[in-house]
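Residues per chain are reported as follows:
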Amino acid sequence: MAETALIDVKEHNLLAALRGFFKTVLKQEEISAILVPRRLPVTPTVMPTLVTDPKHLDAADPLSPAFPINAAKIVSRLTRRESGGKVAAVMRPCEIRAFVELVKLKQGRTEDLVIIGLDCLGAFSNRDYFQWISEDADACTEKFCSVMLTGDSSGGSRELASACRVCEQPVPAGADITVGLFGVDTAGRIPVTAQSAAGEDLFAKLGLRVGEEPTARRKAIEKLVAERTAARDAMFEATRATVDNLEKLTGYLANCVNCYNCRVACPVCYCRECVFVTDVFDHEPSQYLRWAARKGAVKMPTDTVFYHITRLAHMSTACVGCGQCSNACPNDIPVMELFRTVAHRTQQAFDYRAGRSLDDKPPLAEFKEDEFQEVVGIEA
Amino acid sequence: MSEFEPTIVAFFCNWCTYTAADLAGTSRLSYPHSIKIVRVMCSGMVDPKYVIKALLEGADGVIVSGCNPGDCHYINGNYKARRRIKLLKEILPQFGFEPERLRLTWIAASDGLLLSEIMQEMTEQLRALGPSEARLKMVI
Ligand code: SF4
Ligand code: SF4
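Residues numbered from 1 in each chain as written. Chains lettered and ligands numbered in written order. Predicted model: local features only at pLDDT ≥ 70, side-chain atom pairs only at ≥ 80, totals over all residues. Heavy atoms only, no water.

Chemist: Please clarify how the state of the cysteines should be interpreted in this entry.
Modeler: Put plainly, two cysteines are in a disulfide when a covalent bond ties their sulfur atoms together. All names here are of chain A. As enumerated under the stated definition, the model contains one disulfide over all chains in all. The closest cysteine sulfur to the non-disulfide-bonded Cys167 is located on Cys94, 6.5 Å from its own sulfur. Relative accessible area serves as the criterion here: at 14%, Cys167 is assigned to the buried category. (Disulfide = S-S within 2.5 Å. Buried < 20%, exposed > 50% of the residue type's maximum accessible area, 1.4 Å probe, protein only.)

What follows is the structure, given as structure tokens:
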């Protein structure tokens, strides 16, 4: 277990080294396709792309700070039934965690899948990304990597997306094969490690040069995780204080227009048809008048706070903190902050961590006979 | 000014608590009239959104009540209900809802008396707490 190899980075070109590695993976007989973030023609947009022809890997860019979609949903589409082939998927840590949740909800399968996870350098919000990116996208990515890995921001840098700034799990747990970047001399060699039986299987065929993971990686991770955890806790505290009564919560959500983009973007909002878009919410016109009459006024569209609290009840135990909700919001509501803050508490209550393991059952999918007695009865 | 009468939305399971409420009625036991009973087939079918909706619409309290552990007509619906109430009790207080506003109890079909006592007691508690914020303010 945990066998490591080293891949050479030639002429300081980290992207080229990774593209070469992906090509080696794709070349394997058993791998039918590789899913990888790739730049699209014409625009600098980066989207998960299913590649069978290695030449398309020359535009692969798994290090770009573009993060337009949580790819867990894509991998779920690719794996929910047998495809007749095996796919290698290059995923961010929060995408892997979301996928683990989807597998437990029977919306994806790990058979015929090899997950390749990279140490995650983070991403920008969509808006920031498009302001930042310029013609030479490779150079942009290189600059971003050097800022993130060496802290050298002389080339000018931008803040990571709000979710990434408080992400304390930037290491790809749950991947079959990991690529290490933190604390690694990325101008020399980067470590590739098999983390599971499926990973080892593929690993053995790749013919890589066996080596050791640089010890500096562990240290760099520890430092980053500590910083991020502190930032996360500060964010929790600030958010709690901003929503601790109903009036404040309504203020927090005041700009919400019930577009439900946050739910569409959420990788773990698992319903095929969300109740909020069913005819349950096609209220009779007379109903609105009754609502208005009761308190003298009702804000339209209605059910905004209801929607958010219900979504918290439905999916917060599965929230992986990817921040796509905030990224998708047209009105800049800090959705991620609210959801992560509440999710932290609901997951703690059930001793559950979203995406941690395929073996932990989702909290609302099981029960024990002898538990939570404190919520029964009318004392205190 | 007359005393504040809290509105309680009560989700009672068909097999135990609702029967107990029936029994309380036929036994001429009294319980506060401001309770709006919703008969559900099982406490395990109360989706969190029913509770949330009731509270946001201005109910001063919500009670979910089912059969005693081991007595669920559908074997384990009440255990599932307990997890959902646990979940809501983690979420709602973060937005200022007091714990008294959401209750879960087990009341057997023969326990009309217990039902009447519990409803009286919950009403007292809510009266002491005063009307819910959702009732007083425009909730969007
Ligand atoms: S908000 Fe609830 S009903 Fe809607 S998709 Fe998410 S989990 Fe399903
Ligand atoms: S994306 Fe923003 S505006 Fe749309 S429903 Fe979510 S919070 Fe509201």
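Chemist: I tried to follow the interface of chain B and chain A on my own but got confused; where do I start?
Modeler: Accessible area lost during the coming together of the parts is what is often quoted as the interface size. Between chain B and chain A, the contact holds 41 residues from the first and 52 residues from the second. Taking both sides of the interface into account, the surface hidden between chain B and chain A amounts to around 4,300 Å²; carbon and sulfur atoms contribute 66%. On the chain B side of the contact with chain A, Arg83, Phe95 and Ile140 of chain B bury the most area, a combined 22% of that side's loss. Viewed at the interface, chain A and chain B are joined by six salt bridges. For Arg83 of chain B, the salt bridge identified is with Glu371 of chain A, shortest N-O distance 2.8 Å. There are 23 residue pairs in polar contact (both at pLDDT 80 or more) connecting chain B and chain A. Where the side of chain B that touches chain A is concerned, the elements lending two or more residues are helix H2 (48-56), helix H3 (77-91), strand E4 (102-106), helix H4 (112-129) and helix H5 (133-136) of chain B. No other element matches H3 of chain B, which puts 12 residues into the side of chain B that touches chain A. Residue composition of the side of chain B that touches chain A, by class: 20 nonpolar, five polar and 16 charged. (Contact = heavy atoms within 4.5 Å. Buried area = accessible area lost by both parts, 1.4 Å probe. Salt bridge = Lys/Arg side-chain N within 4 Å of Asp/Glu carboxyl O. Polar contact = N/O pair within 3.5 Å; in protein donor to acceptor, adjacent residues only side chain to side chain. Helix = DSSP H or I, 4+ residues; strand = E, 2+ residues; numbered from the N terminus. Nonpolar A, V, L, I, M, F, W, Y, C, P; charged D, E, K, R; others polar.)

Chemist: Sorry, what's going on with the sheet that holds strand E2 (residues 35-40) of chain B here?
Modeler: Consider a sheet: its strands pair through backbone hydrogen bonds, and that pairing is either parallel or antiparallel. Residues and elements named next belong to chain B. Read from one edge to the other, the open sheet built from four strands follows the order E2-E1-E3-E4, with strand pairing classed as parallel. Two strands lie at the open edges of the sheet, namely E2 and E4, each paired on one side alone. The sheet shows a mean angle of 20° between the axes of neighbouring strands, direction not considered. In this structure, strand E3 (residues 61-66) lies alongside E4, joined through five bridges in parallel fashion. Residue pairing across strands places Val64 opposite Leu104, the latter belonging to E4. Running over the sheet, helix H1 (residues 17-26) touches strand E1 (8-13), E2 and E3 and is turned about 110° from E1. Packed on one face of the sheet, H3 meets E3 and E4 and runs near 160° to E4. (Pairing = 2+ DSSP bridges. Axes fitted to C-alpha atoms, helices over the stretch in contact; angles between N-to-C directions.)

Chemist: Help me understand the site of ligand 2, please; the structure alone is not making it clear to me.
Modeler: The full set close to ligand 2 counts 13 residues, and Cys256, Cys259, Tyr260, Cys262 and Cys329 of chain A are the nearest of them. Its residues assigned to classes, the shell around ligand 2 shows 10 nonpolar, three polar and no charged. (Near = heavy atom within 4 Å.)

Chemist: Would you mind going over helix H12 (residues 304-315) of chain A with me for this structure?
Modeler: At 3.6 residues per turn, the α-helix brings residues three or four places apart onto the same side. For H12 of chain A, which comprises 12 residues, the first-to-last C-alpha distance of 17 Å matches the rise-based estimate of 16 Å (1.5 Å per residue) to within 8%. Counting buried positions along H12 of chain A gives 11 out of 12 residues, so the element sits mostly inside the fold. Every buried residue of H12 of chain A is listed here: Thr304, Val305, Phe306, Tyr307, His308, Ile309, Thr310, Arg311, Leu312, Ala313 and Met315 of chain A. Against helix H9 (246-252), helix H10 (261-265), helix H13 (324-328) and helix H14 (335-349) of chain A together with H2 and H3 of chain B lie the buried residues of H12 of chain A. (Expected span 1.5 Å × (residues − 1).)

Chemist: Before we go on, may I ask you to explain the confidence of the model for chain B in this structure?
Modeler: Caution applies to low-pLDDT regions: their predicted coordinates should not be interpreted in detail. Scored by pLDDT, chain B has a mean of 94; 99% of the residues are at 70 or more. Among the scores for the predicted complex, ipTM is 0.96 and pTM is 0.95. (pLDDT = per-residue confidence, 0-100.)

Chemist: How should I be thinking about the sheet that holds strand E2 (residues 31-39) of chain A in this particular structure?
Modeler: All names here are of chain A. Spatial strand order, E3-E2-E4-E5-E6-E7-E1-E8: eight strands in an open sheet with mixed pairing. Bordering the open sheet on either side are strand E3 (46-51) and strand E8 (209-210), each of which pairs with just one other strand. In terms of strand pairing, strand E5 (residues 113-118) meets strand E6 (residues 177-179) through three bridges, oriented parallel. Across the sheet, Ile116 pairs through a bridge with Ile177, a residue of E6. The strands touched by helix H2 (residues 72-79) within the sheet are E2, E3, strand E4 (86-91) and E5, with E4 carrying the most contacts at an inclination of about 175°. Along the sheet, helix H7 (residues 197-206) contacts strand E1 (4-8), E2, E5, E6 and strand E7 (189-194); its crossing angle with E7, the most-contacted strand, is approximately 130°.

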